[in-house]
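Chain and residue survey
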Amino acid sequence: MSVSTPKLLPSSGKKSIHDIFHPLSCEEAALTTPSPELQNTSSIGDKMAVKLLLLQPPEPRAHKQGDNGSLSQGQPEWVATDQKQELTLNTGFEMVKALLHSLIMKQAENKKDFGLPNGTPVDTSSPASSSSLLNRLQLDDDLDGETRDLFVTVDDPKKHVSTMETYITYRVTTKTTRTEFDLPEYSVRRRYQDFDWLRNKLEDTQPTHIIPPLPEKFVVKGVVDRFSEEFVETRRKALDKFLKRIADHPVLSFNDNFNVFLSAKDLNSYKKQGMALLSKMGESVKYVTGGYKLRSRPLEFAAMGDYLDMFTQKLGTIDRIAQRIIKEQAEYLVELREYGPVYSSWASAEGELREPLEGVSSCVANCSTALEELTEDMNEEFLPVFREYVLYIESMKNVLKKRDQVQAEYEAKLEAVAFRKEERACVPTDVEKCQDRVECFNADLKADWDRWQNNKRQDFRLLLTGMADRNIQYYEKVG
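Residues numbered from 1 in each chain as written. Predicted model: local features only at pLDDT ≥ 70, side-chain atom pairs only at ≥ 80, totals over all residues. Heavy atoms only, no water.

What to know about the overall build of the protein
On a plain count of helices and strands, the protein comes out with 12 helices and 3 strands. For the protein, buried positions account for 34% of its 479 residues. A sequence separation of at least 24 residues applies to 72% of the contacts in the protein between residues at least 6 apart. Counting only carbon and sulfur atoms, one obtains 54% of the accessible surface of the protein, whose full area is about 30,500 Å². (Helix = DSSP H or I, 4+ residues; strand = E, 2+ residues; numbered from the N terminus. Buried < 20%, exposed > 50% of the residue type's maximum accessible area, 1.4 Å probe, protein only. Contact = heavy atoms within 4.5 Å. Areas by Shrake-Rupley, 256 points an atom, 1.4 Å probe, with all protein chains shown as cover.)

Structure (structure tokens):
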């Protein structure tokens with residue numbers, strides 16, 4: 001009996017799973033023609049569908065045979081499958097490869113060239129093979145991991161004591177596939193002043209970009225022990241966040257100084273080189289415009305400044321109230337720790353009241369433990385995020401001021417040219433260069449502003465939902 005092409009029939013109710021053919025057991029013609037439902041897999045849900053499809057084993061078909069070994073007359077002809085037409089598992093994988101190859105080709109056809117506003121190219125190329133696309137599909141749970149090729153972590157703080165000073169170093173581990181690095185993995189130790197050197201170099205060489213903030217260097221002596229385990233861990237997290245934000249930035253992550261920071265065993269030799277040198281852009285930004293003041297900011301940048309002022313005020317109010325709440329919780333915690341043992345000692349001297357007194361003592365102890373955990377969460381998780389964004393705002397305001405200086409320089413030079421009637425016909429080259437710097441500043445600042453807003457939304461969504469969950473857990477424990 002010949003095998004005919006299957007035809008779509010109207011549904012007549014529920015079918016057995018054996019009556020539903022599996023995609024891997026289709027006719028060979030289907031190997032080069034993926035189904036319409038799978039041709040567009042740009043969304044995460046579609047990718048997950050493909051992953052589930054690849055993970056499903058082919059279902060065995062049920063064959064009904066008569067006395068002479070032929071199929072029963074009630075079965076459709078297309079169910080007939082002989083040994084020569086059964087697709088092996090290897091053939092199934094060939095079909096998957098053909099499907100993925102089709103997806104890659106379609107994605108390549110629709111690909112356009114993308115770049116940053118300042119002309120920096122952005123790599124948006126498709127995976128080179130179906131296996132690399134499979135690897136990307138497996139990273140759907142970590143969306144950022146699809147395009148990241150530089151991973152940096154800060155851990156393992158160690159205390160160093162010498163005759164001159166005492167300081168903490170942190171291990172900085174880097175894993176990358178970028179060709180700018182000689183090795184795929186590095187592990188170096190850095191102290192706080194090394195991080196500070198990196199940030200200063202980034203500010204000098206990338207003045208048009210918003211540089212992520214570092215945690216504050218100085219602490220009030222006698223109030224915070226900078227060598228305590230809690231302080232060192234809080235600083236480690238902040239330094240780790242600092243490097244991760246740079247590594248995720250499409251421009252800052254390619255800075256030569258960042259490469260040196262991550263890979264050089266001895267950073268001191270690089271620090272000594274050109275300590276007084278600034279980039280050409282840095283020189284122009286520091287140019288004093290002869291007392292000329294900016295007439296007015298463009299509306300979009302004025303709106304940025306107004307938003308930062310408002311955001312600073314809100315964060316300051318929340319931080320102040322949170323500090324007061326933590327202080328009151330700490331005082332209440334001291335009282336609870338003294339309150340519980342009173343009932344415990346009283347219970348030992350009572351007979352009939354022993355059980356209820358011990359119950360009260362246990363309840364107070366539970367409340368004390370739950371409150372201590374909540375206070376630690378606010379100190380270690382809640383407040384550091386607010387402090388980071390307060391420092392972030394200062395960095396953004398500095399970039400806005402630099403942009404204003406460059407625009408003021410441009411306006412001053414343009415006004416000077418306007419007074420020279422003989423040179424009105426042609427604009428001097430230095431004025432054109434100054435105009436280019438203004439446009440570059442505007443484009444970079446807008447791109448960084450959008451990136452910062454995205455990070456802010458994600459950070460505060462996680463922070464606030466996390467704190468809500470912790471408060472729910474606290475009241476469940478004490479309830």
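Once you've had a look at it, read on.
Concerning the sheet that holds strand β3 (residues 185–191)
What the 3 strands build is an open sheet, ordered β1-β2-β3; its pairing is antiparallel. A strand with exactly one partner marks an edge of an open sheet, and here the two such strands are β1 (150–161) and β3. The mean angle between the axes of side-by-side strands here comes to 20°, regardless of whether they run parallel or antiparallel. As judged from the 10 bridges shared by β1 and strand β2 (residues 166–176), these two strands associate in the antiparallel manner. Its bridge partner being in β2, His 160 is matched across the sheet by Tyr 167. Along the sheet, helix α5 (residues 192–205) contacts β1, β2 and β3; its crossing angle with β3, the most-contacted strand, is approximately 105°. Packing against the sheet, helix α7 (residues 256–263) makes contact with β1, β2 and β3, and its axis sits at approximately 90° to β3. (Pairing = 2+ DSSP bridges. Axes fitted to C-alpha atoms, helices over the stretch in contact; angles between N-to-C directions.)

Observations concerning unusual backbone geometry
Its identity is not glycine, yet Asp 156 carries a phi of approximately 50°, on the positive side. For Asp 156, the position within the fold is in strand β1.

Digging into a negative patch on the surface
Taken together, the side chains of Asp 225, Glu 229, Glu 230, Glu 376 and Glu 380 define an acidic patch exposed on the protein surface. Tracing the sequence through the fold places Glu 376 in helix α11 (residues 354–418). (Patch = residues over 30% accessible without salt bridge, like charges linked within 9 Å, V, L, I, M, F, W, Y side chains within 5 Å. Salt bridge = Lys/Arg side-chain N within 4 Å of Asp/Glu carboxyl O. Lys, Arg positive; Asp, Glu negative; His and termini not counted. Charge placed at Lys NZ, Arg CZ, Asp CG, Glu CD.)

Focus on the pattern of salt bridges
Side-chain pairs of opposite charge can arise whenever the charged atoms involved come near each other. Taken as a whole and judged by the stated rule, the model has 24 salt bridges. Residues Arg 191 and Glu 165 are paired through a salt bridge, measuring 3.1 Å at the closest nitrogen-oxygen approach. Placement of the pair is Arg 191 in strand β3 and Glu 165 in the loop between β1 and β2, with a sequence separation of 26 residues. Among the residues examined, Glu 165 registers a relative accessible area of 36% and is labelled partly exposed. Glu 358 serves as the salt-bridge partner of Arg 354, at 3.1 Å between the closest nitrogen and oxygen.

Remarks on the packing of aromatic side chains
Overall, the coordinates contain 17 aromatic pairs when judged by the stated rule. Clustering of aromatic rings is evident, with ring pairs tying together Tyr 307, Phe 311, Phe 382, Phe 386, Tyr 389, Tyr 392, Trp 449, Trp 452 and Phe 460. Positioned over the ring face of Tyr 192 is Arg 235, at 4.3 Å from the centre of the ring. Geometry around Phe 301 places Arg 403 over its ring, the cationic atom sitting 4.4 Å from the centre. (Phe/Tyr/Trp six-rings, centres within 6.5 Å; stacked < 30°, edge-to-face > 60°. Lys NZ or Arg CZ within 6 Å of the ring centre and 35° of its normal.)

Focus: α5
Taking 1.5 Å per residue as the helical rise, α5 with its 14 residues ought to reach 20 Å, and the 20 Å between its terminal C-alpha atoms agrees with that figure. Burial in α5 covers these residues: Tyr 192, Asp 194, Phe 195, Trp 197, Leu 198, Arg 199, Lys 201 and Leu 202. (Expected span 1.5 Å × (residues − 1).)

Observations regarding the packing of helix α6 (residues 229–247) against α11
Between α6 and α11, whose axes approach to 11 Å, the crossing angle comes to 50°. By the angle between their axes, α6 is oblique relative to α11. The interaxial crossing formed by α6 with α11 has right-handed handedness. Residue-level inspection shows Thr 234, Lys 237, Lys 241 and Arg 245 of α6 in contact with α11, the latter providing Glu 381, Pro 384, Glu 388, Tyr 389 and Tyr 392. (Parallel < 35°, antiparallel > 145°, perpendicular 65-115°, else oblique. Left-handed = near helix turned anticlockwise from the far one by under 90°.)

Let's talk about the confidence of the model for the protein
In this model, the protein carries an average pLDDT of 74, and 62% of its residues clear a pLDDT of 70 or more. Looking at the elements of the protein, mean pLDDT is at its lowest for helix α4 (residues 130–137), recorded as 36, and at its highest for β3, recorded as 95. Low confidence marks residues 1–89, where pLDDT is under 50. Its contacts with residues over four positions away, or in another chain, come to 78 contacts. Contacts from residues 111–146, a stretch scored under 50 in pLDDT, to residues over four places away or in other chains number 52 contacts. (pLDDT = per-residue confidence, 0-100.)

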